[in-house]
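Given next are the chains, with one letter for each unit.
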Amino acid sequence: TWAAGLFVLVGFLVLPISSYLHLPESPAPERFIVYNQYKTISQVKFTQEDKVYEVYSDLPEDYGYRHFYMRYYLAPIASNYQGWTIDVAPDGSVDYTIQYSPAEWMDVLTSQQYTYVLVTQANNQFWTEYGSLFDHYASDSTEPQIFKVTKTSLQLIDLKNEAQ
């Protein structure tokens, strides 16, 4: 009847539109940051046989979200599930920091057959403790850096030349 139709029409006009439209929340801004980092490193032509170890020194209140976003973008390429934050002597303030000496970390990389190390974010402490393993690096870089794992060192891949 026309009264029922009028009732429904008034209901739509009176209720706020958000009450009957269930719009998704906006994606987290970190996702866009990580996607841009992924676009930068995607110049390297990964294969199914590759394995990537990501180093990411967590930002406060991040809890590894950016690491897991990067794992999503890297899939199906194998990557480390844990251990994205490593330290020679962790102070215990971050539960998910793994303790490795430089030699132990290099042994993990070679024995578990990682082919690349991806440094998406590293603090000065990381470079001080592990810099000797890298042939060259930019400790002040805000861009991701990717390194080829060899038996004795980690060799920087020049992403600017890789794109050409």
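Owing to the predicted nature of the structure, the values given are computational and were not obtained by experimental measurement.

## Quick notes on the nonpolar core
The nonpolar side chains of a soluble globular protein tend to be buried with one another.
Line of reasoning, step 1. In terms of nonpolar packing, the biggest core is built from 20 residues, with Y53, W105, L109, V117, F126, F134 and L154 touching the most fellow members.
Line of reasoning, step 2. Among the secondary structure elements, those contributing two or more residues to this core are β1 (51-56), α4 (102-111), β5 (116-121), α5 (124-130) and β6 (145-149).
Line of reasoning, step 3. Top contributing element to this core by residue count: α4, with four residues.
Line of reasoning, step 4. If we ignore the near neighbours within four places in the chain, the residues touching W105 are Y53, V55, I86, Y100, V117, F126, Y130, L133, F134 and L154.

## Description of unusual backbone geometry
Line of reasoning, step 1. Cis geometry marks the peptide bond from A75 to P76, where omega comes out at 15 degrees.
Line of reasoning, step 2. Within the secondary structure layout, P76 lies in the loop between α3 (65-74) and β2 (78-79).
Line of reasoning, step 3. In this structure, Q113 is a non-glycine residue whose phi angle is positive, near 60 degrees.
Line of reasoning, step 4. Here Q113 is to be found in the loop between α4 and β5.
Line of reasoning, step 5. Q113 gets classed as exposed once you look at its relative accessible area, which sits at 61%.

## Some thoughts on the sheet that holds β5
Either a parallel or an antiparallel arrangement is found when strands of a sheet pair, and the pairing is made through backbone hydrogen bonds.
Line of reasoning, step 1. Taken in spatial order, the five strands line up as β2-β1-β5-β6-β7 in an open sheet, and their pairing is mixed. For this open sheet the edge positions go to β2 and β7 (154-156), each flanked by a neighbour on one side alone.
Line of reasoning, step 2. Taken together, the four bridges between β5 and β6 define a ladder with antiparallel strand orientation. Paired with V119 across the two strands is Q145, which belongs to β6.
Line of reasoning, step 3. Taken strand by strand, α3 contacts β1, β2 and β5, and its axis lies near 160 degrees from that of β1.

## Digging into the confidence of the model for the protein chain
Line of reasoning, step 1. Summary statistics for the protein chain give a mean pLDDT of 85 and a share of 87% for residues scoring 70 or more.
Line of reasoning, step 2. Across the protein chain, the secondary-structure element scoring lowest on mean pLDDT is helix α6 (residues 159-162), at 70, and the one scoring highest is α4, at 96.

Parameters and conventions
Residues numbered from 1 in each chain as written. Predicted model: local features only at pLDDT ≥ 70, side-chain atom pairs only at ≥ 80, totals over all residues. Heavy atoms only, no water. Core = buried A, V, L, I, M, F, W, Y, C linked by side-chain atoms within 4.5 Å. Buried < 20%, exposed > 50% of the residue type's maximum accessible area, 1.4 Å probe, protein only. Helix = DSSP H or I, 4+ residues; strand = E, 2+ residues; numbered from the N terminus. Contact = heavy atoms within 4.5 Å. Pairing = 2+ DSSP bridges. Axes fitted to C-alpha atoms, helices over the stretch in contact; angles between N-to-C directions. pLDDT = per-residue confidence, 0-100.

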